[in-house]
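Single-letter residue listing:
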Amino acid sequence: MEIGIKSGSPEKQRSACVVVGVFDHRKLSFAAEILDHAAGGYLSDILRRGDMDGKPGSSLLLHNVPGVLCERILLVGLGKEREFRDRQYREAVQLSIRQVADIGIGEITLYLSEIAVKKRDLAWKVEQAILAAEETLYRFDQMKSKPDEARKAPRKLTLAVPRRSELALGETAAARGKAIAAGVRLAKDLGNLPGNVCTPTYLAEQAGVLAKEHGLGIQVLERSEIERLGMGSFLSVAKGSDEPPRFIVLEYPGGDRKQKPVVLVGKGITFDSGGISIKPAPDMDEMKYDMCGAASVLGALRAVAELKLAINIVGLIPTCENMPNGRANKPGDVVTSMSGQTIEVLNTDAEGRLILCDALTYAERLDPACVVDIATLTGACVIALGHVATGLLANDDGLARELLHAGDEAYDRCWQLPLWDDYAEQLKSNFADMANIGGRPGGTITAAAFLGKFARKYDWAHLDIAGTAWKSGKDKGGTGRPVPLLVHFLAKRAENP
Ligand code: BES
Ligand code: MN
Ligand code: ZN
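Quick caveat, the model's predicted, so the values are computed rather than measured.

Peer 1: Honestly, the overall build of the chain in this entry has me stumped. Any pointers?
Peer 2: Within the chain one finds 14 helices and 21 strands. Taken over C-alpha atoms, the radius of gyration comes to 25 Å for the chain, in line with the 23 Å a tight globule of 497 residues would show. Over its C-alpha atoms, taken along the principal directions, the chain stretches across nearly 80 × 50 × 45 Å. The buried share of the chain, reckoned over its 497 residues, is 58%. The long-range fraction of contacts in the chain, counting pairs at least 24 apart against all pairs at least 6 apart in sequence, stands at 77%. In the form shown here, the chain has an accessible surface area of approximately 21000 Å², with 49% of it arising from carbon and sulfur atoms. Between the centroid of the 62 positive side chains of the chain and the centroid of its 64 negative side chains there is a distance of 4 Å.

Right, here's the structure in full:
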């Protein structure tokens, strides 16, 4: 879909469809009022008859409205003006796109960015309109023998900004929106691919494609090289599967040569059966998403490269399957991590931390400005924060604040949980330096406390995306989160290194 920014009066648009908003109690938005005036009160007449009330979710498509140049006008309900916030704005955009796509209208011009949204500026509204539109139109039909026909994306989406002087600002915001949307799409596609296609080998190949297209440096380590590095913890998980593991290193050198890199570490378990501590059968299919951390690192790097951000970034992806073969980790096994610390594997299903800890140790050699790991790490995080907020834990409050702020700006929010060392008590083992689980209480925090033992030498933050990386139920699918958060975080860092 082509995306453009425009300014100018709505009645003069030769669009196939101009979209304007109507608040509760039939109150016209500013753009709707202009159209109504040009059409001699046509819109207010219709609203007075009660055909549309402005409630959220309501809409009305009008043809051949007199006095305007567009073929159609779509009225979308915005609800109460006082309650119109960021979520309502995104929903209005999504409703508009859904209507237009369901009918198959080829082109659409949105007049929604003039509407006041509490605490959000024009750049936010432009970026979010693009993300919300792309979200609505996303389909994953790669694995179907015939593509789904249901919704047809419009050929072109035009976003109107209120003033000519705001065109440049609108274009910049649109560029960021498009880049993030492309990163989100990549992360969703990789997440949605089944485990028999999206293997560690496949992930490494896709990283290679990304590197080639965007001029990134890449190194893919195979089992023997991973052994040479001494990543005994990572390898203990990998050896339970016939699929060979990979350790992917991607470099985006956008910044000054001397500038320390931001290191992103993504959990890349391409299928998590639980291993010998096997998971119950219902919903086990969803464990193909256990590589969404890795996918978000790739998605974020794609966006960053497209935006040419002035920053150095290294992406690290340990990737393997967690399976229960004859060589698999057994409860009680003790493994030696790359750091030298030994780990008693009390539950083979707590495998994410076992592969991430070695990647965190590897990160030391990159002399990082900071390290952020992203992982579908704990079911406990889904219980604590649901599917709305990503869990955030950090050993540095400044870094945590940056991520909280980026999440808010990107409408891809995270929420901080405490990482006090009291929690690490739960990881004590009689037989090794630590156990890989800390019991049910505070499961998200003890998982982070475990990782924290491998992140002592730099500022580090952990994003637990178990609840936010995909949706279950009827609309099952990857969400592409936290790509928007990561891109905002990196963009801010690029501005003030
Ligand atoms: N990949 C899972 C976490 C997960 C579970 C993500 C459900 C999304 C939905 C992770 O590897 C795991 O199995 N964690 C265990 C840890 C436990 C054994 C300490 C969990 O959360 O149950
Ligand atoms: Mn697991
Ligand atoms: Zn897992």
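Resuming the write-up.
Peer 1: Explanation requested: the coordination of the zinc ion (ligand 3) in the structure shown.
Peer 2: Within the protein, the zinc ion (ligand 3) binds to Lys267 (NZ), Asp272 (OD), Asp290 (OD) and Glu351 (OE); these donor distances fall in the range 2.0 to 2.4 Å. The coordination sphere of the zinc ion (ligand 3) comprises 6 donor atoms, whose angles at the metal cover 78 to 177 degrees; the geometry is octahedral. Each donor residue of the zinc ion (ligand 3) lies on one chain, and together they are spaced K-x4-D-x17-D-x60-E. In this structure, the zinc ion (ligand 3) is positioned 3.1 Å from the manganese ion (ligand 2), and both are ligated by Asp272.

Peer 1: What is the right way to read the state of the cysteines from this model?
Peer 2: Between two cysteines, a covalent bond joining their sulfur atoms is known as a disulfide. Scanning the model with the defined rule gives 0 disulfides in all. You can see Cys70 has no disulfide; the closest cysteine sulfur is in Cys17, sitting 7.4 Å from it. The structure places no disulfide on Cys381, whose sulfur is separated from the nearest cysteine sulfur, that of Cys414, by 10 Å. Judged by its relative accessible area of 1%, Cys381 is buried.

Peer 1: In this structure, what is going on with the packing of aromatic side chains? I would like to understand it.
Peer 2: For any pair of aromatic rings, geometry is given as the distance between the ring centres together with the angle between the planes. Scanning the model with the defined rule gives 8 aromatic pairs in all. Aromatic pair Trp124 and Tyr411: ring centres 6.3 Å apart, planes at 80 degrees, arrangement edge-to-face. Note that Trp124 is positioned in helix H4 (residues 122-137) and Tyr411 in the loop between helix H12 (397-409) and strand E17 (414-416), a separation of 287 residues in sequence. For Tyr411, a relative accessible area of 16% puts it in the buried group. Aromatic pair Phe234 and Phe247: ring centres 6.4 Å apart, planes at 55 degrees, arrangement tilted. With a gap of 13 residues between them, Phe234 in helix H8 (residues 232-238) and Phe247 in strand E9 (residues 246-253) connect regions that are remote in the sequence.

Peer 1: Is there a simple way to think about the environment of Val93 in this case?
Peer 2: Its location among the elements puts Val93 in helix H3 (residues 86-103). By relative accessible area, Val93 is classed as buried at 0%. For the pair Val93 and Ala132, spaced 39 residues apart in the sequence, the C-alpha separation amounts to 6.6 Å. Beyond its immediate chain neighbours, meaning those up to four positions away, Val93 contacts Leu110, Leu112, Ala129, Ala132 and Ala133.

Peer 1: Whenever I open this one, the coordination of the manganese ion (ligand 2) confuses me. Can you help?
Peer 2: Perfect tetrahedral coordination of a metal by four donors corresponds to 109.5 degrees between them, and perfect octahedral coordination by six donors corresponds to 90 or 180 degrees. Within the first shell, the manganese ion (ligand 2) binds the protein through Asp272 (OD), Asp349 (O), Asp349 (OD) and Glu351 (OE), at distances of 2.1 to 2.2 Å. Metal-centred angles of 69 to 169 degrees between the 6 donor atoms at the manganese ion (ligand 2) mark the site as irregular. Written as a sequence motif, the donor residues of the manganese ion (ligand 2) are D-x76-D-x1-E.

Peer 1: Help me understand the layout of surface pockets in this model?
Peer 2: Using a probe with the size of a water molecule, rolled over the atoms, empty space left in the structure can be pinpointed. Empty space within the largest pocket amounts to approximately 1400 Å³. Gln94, Glu135, Lys188, Lys471 and Thr479 are, among the 43 residues lining the largest pocket, the residues nearest its centre. Mapped onto the lining of the largest pocket, the elements with two or more residues apiece are H3, H4, helix H5 (167-192), strand E20 (470-471) and strand E21 (477-478). For the lining of the largest pocket, the per-class residue count stands at 13 nonpolar, 10 polar and 20 charged. Looking at the lining of the largest pocket, you find at least three residues from each of domain 1 (2-162) and domain 2 (181-495). In this model, the second largest pocket occupies a volume close to 1100 Å³.

Peer 1: Even after reading the chapter, I still don't get the pattern of salt bridges, so can you show me in this structure?
Peer 2: Note that side chains of opposite charge can pair when their charged atoms are close. Considering all chains together, one arrives at 29 salt bridges under this definition. Between Lys55 and Asp24 there is a salt bridge; the shortest N-O distance is 3.4 Å. Separated by 31 residues along the polypeptide, Lys55 in the loop between helix H2 (42-48) and strand E4 (59-63) and Asp24 in the loop between strand E2 (18-23) and strand E3 (27-28) bring together distant segments of the chain. With a relative accessible area of 42%, Lys55 lands in the partly exposed category. When the shortest N-O distance is used, the salt bridge between Asp475 and Lys474 registers 3.5 Å. In this structure Asp475 comes out as exposed when scored by relative accessible area, which is 51%. Each member of the salt-bridge network shares a partner with another, and the members are Asp86, Arg120 and Asp408.

About the criteria used
- Residues numbered from 1 in each chain as written.
- Chains lettered and ligands numbered in written order.
- Predicted model: local features only at pLDDT ≥ 70, side-chain atom pairs only at ≥ 80, totals over all residues.
- Heavy atoms only, no water.
- Helix = DSSP H or I, 4+ residues; strand = E, 2+ residues; numbered from the N terminus.
- Rg over C-alpha atoms; globule rule 2.2 N^0.38 Å.
- Buried < 20%, exposed > 50% of the residue type's maximum accessible area, 1.4 Å probe, protein only.
- Contact = heavy atoms within 4.5 Å.
- Areas by Shrake-Rupley, 256 points an atom, 1.4 Å probe, with all protein chains shown as cover.
- Lys, Arg positive; Asp, Glu negative; His and termini not counted.
- Charge placed at Lys NZ, Arg CZ, Asp CG, Glu CD.
- Donors = N, O, S within 2.8 Å, 3.2 Å for Na, K, Ca; no water.
- Tetrahedral: all angles 85-135°; square planar, octahedral: opposite > 155°, others 65-115°.
- Disulfide = S-S within 2.5 Å.
- Phe/Tyr/Trp six-rings, centres within 6.5 Å; stacked < 30°, edge-to-face > 60°.
- 1 Å grid on protein atoms, 1.4 Å probe; cavity = no way out; pocket = protein on both sides within 12 Å on 5 of 7 lines; lining within 4 Å.
- Points joined across faces, edges and corners; volume = space filled by probe spheres on them.
- Nonpolar A, V, L, I, M, F, W, Y, C, P; charged D, E, K, R; others polar.
- Domains from an automatic or database assignment.
- Salt bridge = Lys/Arg side-chain N within 4 Å of Asp/Glu carboxyl O.

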